[in-house]
Structure formats: C-alpha cells, structure tokens
Amino acid sequence: MNRKERTKWFLDDRFGMFIHWGLYAIPARGEWVRSVEKISNEDYEKYFEEFNPSHFNPKEWARAAKAAGQKYAVLTTKHHDGFCLFDSKLTDYKATNTPAKRDLIKEYVEAFREEGLKVGFYYSIIDWHHENYPAFGDRNHPMRDNENFRKKQINFDQYLEYMHGQVRELLTNYGKIDIMWFDFSYDDMTGEKWKATELIQMIRDIQPDIIIDNRLGGNIKSSNPEIYAGDFYSPEQIVPPGGILDENGEQVPWEACITLNDNWGYHSKDKNYKSPKQVIRTLVECVSKNGNLLLNVGPDARGIIPQESLGILQEVGNWMQRNGESIYRCKAAKLPKPEWGRYTQNGNKLYAHVFDRGIGPIYFAGLKDKIKKARLLADGSELKIETPWMAEQYSDIESGAFINLEGARLPDENDTVIELELVED
Ligand code: H79
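Computed from a predicted structure; not experimentally measured.

Colleague: So what's going on with the side chain of Asp 138? Which residues, and what values?
Modeller: Of note, Asp 138 is situated in the loop between β3 (118-124) and α7 (156-172). Put simply, Asp 138 is tucked away with no salt bridge, and the nearest opposite charge, on Arg 144, sits 7.0 Å away. For Asp 138, the side chain forms a polar contact with the main-chain nitrogen of Asn 140, separated by 2.9 Å. In terms of polar contacts, Asp 138 uses its side chain to reach the side chain of Tyr 186, at 2.5 Å. Other than its neighbours up to four places away in sequence, Asp 138 contacts Tyr 133, Arg 144 and Tyr 186.

Structure, rendered in structure tokens:
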C-alpha cells in the first residue's frame with residue numbers, strides 16, 4: 001500500500017479523540033510537570049506507587065468519543081515521563097506494577113474496537129525515566145541542569161533498543177493498530193538518530209496498513225520524502241492557514257491536534273475551555289482545508305474525563321449527528337473562502353457552513369445556475385434560490401446566487417449548514 005491508499009480511511013473519518021493519560025494525572029498540573037518542575041525520578045516515584053485509577057472504564061471513553069462523532073482515538077501508551085500504560089516486558093515502569101495492576105492499553109484497545117472506532121497509539125520517543133536517555137544539557141529533561149547528571153555516561157544505543165523493542169511489543173500484542181503517533185524530534189534528535197529507517201521497516205513489517213505521523217523527522221513535504229517522514233503532518237495547537245501542500249503543490253494528509261483547555265494531561269486548575277462552537281468551527285475549518293482534527297481529553301487520576309470536556313463533546317456530537325455529512329468524506333471545495341463562513345465538499349454536494357448570519361440573503365459567489373437543490377442539512381428542508389429585490393443595482397446577479405434564510409438568527413448558532421446539490425458539469 002502507498003500513502004494515498006493507507007490514509008484513505010483517515011481522510012474520510014476526519015475527527016478523532018486524543019487521550020493523554022498517565023501518572024501526571026495525579027499531580028494534576030499537566031503532562032509536562034516533571035520537566036517544568038524538574039522533578040527527579042525519586043520524587044516522581046510516589047505517583048507510580050499510588051496510581052490506582054478506580055474509575056477507569058475505557059468503554060465510557062469510547063462511548064463519549066462515538067457520541068461526539070469521533071471515528072478514531074489515539075491514547076498515550078507512554079508519554080515523555082516514560083511511564084508505560086501497557087505491560088512491557090522491557091521495563092518495570094508500567095501500569096501492571098502499580099496498584100492498577102493491569103494492562104490499561106489492552107482494555108483501551110478492546111473497548112474502542114467494540115464501539116467500532118479505529119485505534120491509535122501515541123508513543124513518546126523522548127523518555128525522561130530511561131537511564132540511557134540524554135539528561136544533562138538536554139533541552140527538556142527534568143535533570144537538564146542538575147550537576148549530578150553532568151558526568152553521567154549513557155549508552156543511547158541501549159535506549160534505542162528499548163524504544164524499538166517497545167514499539168514492536170505495542171504493534172505485536174494488541175491486534176491491528178490503525179495509527180502510530182510518535183512524539184517528537186528536536187534539534188539533532190531526529191531521523192536516523194532514532195534509527196528511524198530501521199524502525200519504520202519493522203513497523204511496516206508487523207502492521208503494513210498502519211499510518212504514522214511525521215514526528216520521527218524527515219521532510220514529509222519533500223517530493224521524495226524519507227521512508228520515515230510519515231503519512232500525515234501533525235500541526236499542534238494550530239490549524240495551518242493554507243492547509244499543507246508538498247513541494248509539488250500536492251495535498252499532504254494532515255491532522256491538527258488541539259487541546260480542549262490549555263493542557264494535554266489532566267490539570268485540576270485549568271478551566272480555560274474552548275466553547276463547543278469554537279470546536280465545531282475548528283473541525284469545519286480543518287476539513288475545509290483538507291485536514292483532520294484530533295481533539296484532546298485528559299482523564300483525571302481516577303480515570304474520568306473532566307465533566308467540562310464531556311459537555312463539549314456532547315454538544316459537538318449533537319451537531320455532528322445532524323451535520324456529519326458535511327464532515328465525513330468531505331474535503332476542501334474549489335472555491336475561495338466565503339464571507340460568511342466556510343465550504344466543505346463531497347462530490348456534487350457542496351456544504352456551506354454559515355458562521356455569520358449577517359442581514360438579508362446569503363450570497364454565493366460564482367454559483368448562479370450551478371445549484372440544483374438547496375437544503376438545510378440539519379432537517380432536510382428546502383431553501384429557495386431567489387434573486388433579491390433590486391439586487392441587480394448593488395450586487396452581482398450575473399454569476400452569484402442568493403438564498404434567503406428566514407429569521408434574524410441562524411437556525412444553529414454553532415454552524416448552520418446549507419447543503420447545495422450542484423448540477424453535474
Ligand atoms: O503530548 C502533547 C505534548 O505534551 C507534546 N505534544 C503533544 C501532543 C509536546 N511536547 N512538546 N510540546 C508539546 C511543546 C513544548 C511546549 C513547552 Fe512547555 C513549552 C514545553 C516547555 C515550555 C508547555 C508549556 C508545556 C510546558 C510548559
């Protein structure tokens with residue numbers, strides 16, 4: 001399979017759930033707590049000893065994802081802190097040795113599969129727990145400026161063996177896995193520093209259809225990308241203004257990963273949540289630029305997704321239930337961004353996402369005589385194409401079309417979708 005074939009389902013599905021969960025849920029100050037507060041292995045150990053997620057029920061996570069309209073999920077099997085949610089034979093630093101006493105990845109995979117969702121693994125190639133990962137002088141390591149680590153010798157090849165071995169375990173022991181999400185390369189820690197070619201060959205050997213992000217390094221936008229450059233681009237906390245094109249001007253699959261508040265891992269004080277409307281419009285914006293949205297939740301130490309996050313997911317789900325056809329299997333339209341919102345398109349169905357009601361009829365540049373039928377997507381009710389009174393005096397009626405939306409307010413303030421069935425050309 002080539003990249004185009006591998007990523008077909010991914011581009012059709014458009015919307016996934018990112019889950020950041022690990023020991024850092026206990027201090028509850030975000031997943032970077034070890035680095036930000038320069039916490040030693042010894043001081044972080046107490047979280048390992050007390051990790052006991054009594055309310056861990058991945059079936060509930062999967063139901064929440066499905067109800068939100070998400071089609072796949074990606075869970076942190078190991079974050080930068082090095083703690084493994086899976087039963088790795090290569091370390092003792094894993095969930096099975098905490099009071100949780102079980103392989104949490106296994107339960108995740110089973111639960112999400114059962115709901116019909118595709119399953120992905122996030123795996124941090126950075127590791128602040130492994131003794132052979134660079135510590136002193138590293139950009140991010142909790143011990144980066146600790147003098148006791150200045151002279152410490154490491155054997156990075158041994159770390160690579162560990163890292164490759166864990167990837168092998170993850171892709172061997174849990175059946176078919178749909179996404180491998182590595183995080184991340186920096187400075188000279190990139191590409192072959194990770195023995196990336198070898199790693200990719202091993203991965204493709206075990207899971208030929210899996211899709212892989214672009215964070216092992218390389219240049220996915222090159223016309224001749226490295227074998228490890230990945231299947232999709234992974235912009236973080238940003239929707240790329242113009243989508244992502246390669247050097248030949250061809251679309252590169254991409255997925256924006258975005259938090260609901262300001263942290264990936266659970267943070268008890270961070271209540272800076274986006275609104276459901278922002279999330280819906282961000283999803284639409286991604287699709288309008290040929291991208292996906294991977295929306296994050298950070299379950300707490302007991303395994304519960306924050307109430308605020310669940311509330312947002314639910315409202316997004318309500319909208320998706322009525323308007324999902326304007327997202328799944330859709331892509332950018334060959335029309336400029338309209339004044340009132342965004343377009344997405346699937347074949348001869350053009351979806352007008354009206355964000356801004358304005359006043360009077362909605363104007364569709366260039367679509368005169370191109371629209372066979374217009375409907376409100378949410379209920380299927382027809383909308384008439386009409387040239388407004390005296391419109392010829394002050395607007396373009398030669399090539400533009402107009403639809404009058406009744407009422408002063410949008411039927412759906414989150415995003416009112418008008419389905420335009422185009423005449424075949
Ligand atoms: O797993 C999530 C993040 O933890 C990880 N990638 C996503 C998917 C990530 N690693 N690095 N970064 C994101 C960017 C680094 C941000 C930082 Fe900071 C700025 C690290 C230190 C300063 C943000 C603010 C995190 C801690 C303080």
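So much for the structure itself; the text now carries on.
Colleague: How would you sum up the nonpolar core? Please name residues and give values.
Modeller: A general feature of soluble globular proteins is that nonpolar side chains tend to end up buried together. Judged by nonpolar contacts, the single largest core of 100 residues is most densely connected at Trp 21, Phe 112, Phe 121 and Phe 182. Here the element with the most residues in this core is α7; it accounts for 8 residues. Counting 20 residues, the second largest nonpolar core, distinct from the first, contains Ala 333, Trp 340, Val 354 and Leu 405.

Colleague: Before we move on, could you go through the environment of Glu 60 and cite the residues and values that matter?
Modeller: The residue Glu 60 is located in helix α5 (residues 58-68) in this model. Residue Glu 60 is classed as partly exposed on the basis of its relative accessible area of 46%. The spatial distance from the C-alpha of Glu 60 to the C-alpha of Trp 389 is 54 Å, given a sequence separation of 329 residues.

Colleague: Help me get a handle on helix α4 (residues 41-50), residues and values and all.
Modeller: Among the residues of α4, those classed as buried are Tyr 44, Tyr 47 and Phe 48. End-on view of α4: buried residues confined to an arc of 105°, all on one side of the axis. With respect to the buried face of α4, the exposed residues turned more than 90 degrees away are Glu 42 and Glu 49. Buried residues in α4 make contact with α3 (33-36).

Colleague: For the pattern of salt bridges, give the residues involved together with the corresponding values.
Modeller: This model, assessed by the stated rule, comprises 24 salt bridges. In this structure, Lys 289 and Glu 285 form a salt bridge, with 2.7 Å as the shortest nitrogen-oxygen distance. We note that Lys 289, like Glu 285, is buried. In this structure, Arg 375 and Glu 421 form a salt bridge, with 3.3 Å as the shortest nitrogen-oxygen distance. Of this pair, Arg 375 sits in strand β11 (residues 371-376) while Glu 421 sits in strand β14 (residues 416-422), and the two are 46 residues apart along the sequence. Its relative accessible area of 14% is what places Glu 421 among the buried residues.

Parameters at a glance
- Residues numbered from 1 in each chain as written.
- Predicted model: local features only at pLDDT ≥ 70, side-chain atom pairs only at ≥ 80, totals over all residues.
- Heavy atoms only, no water.
- Helix = DSSP H or I, 4+ residues; strand = E, 2+ residues; numbered from the N terminus.
- Buried < 20%, exposed > 50% of the residue type's maximum accessible area, 1.4 Å probe, protein only.
- Lys, Arg positive; Asp, Glu negative; His and termini not counted.
- Salt bridge = Lys/Arg side-chain N within 4 Å of Asp/Glu carboxyl O.
- Polar contact = N/O pair within 3.5 Å; in protein donor to acceptor, adjacent residues only side chain to side chain.
- Contact = heavy atoms within 4.5 Å.
- Core = buried A, V, L, I, M, F, W, Y, C linked by side-chain atoms within 4.5 Å.
- Arc of directions from axis to C-beta.

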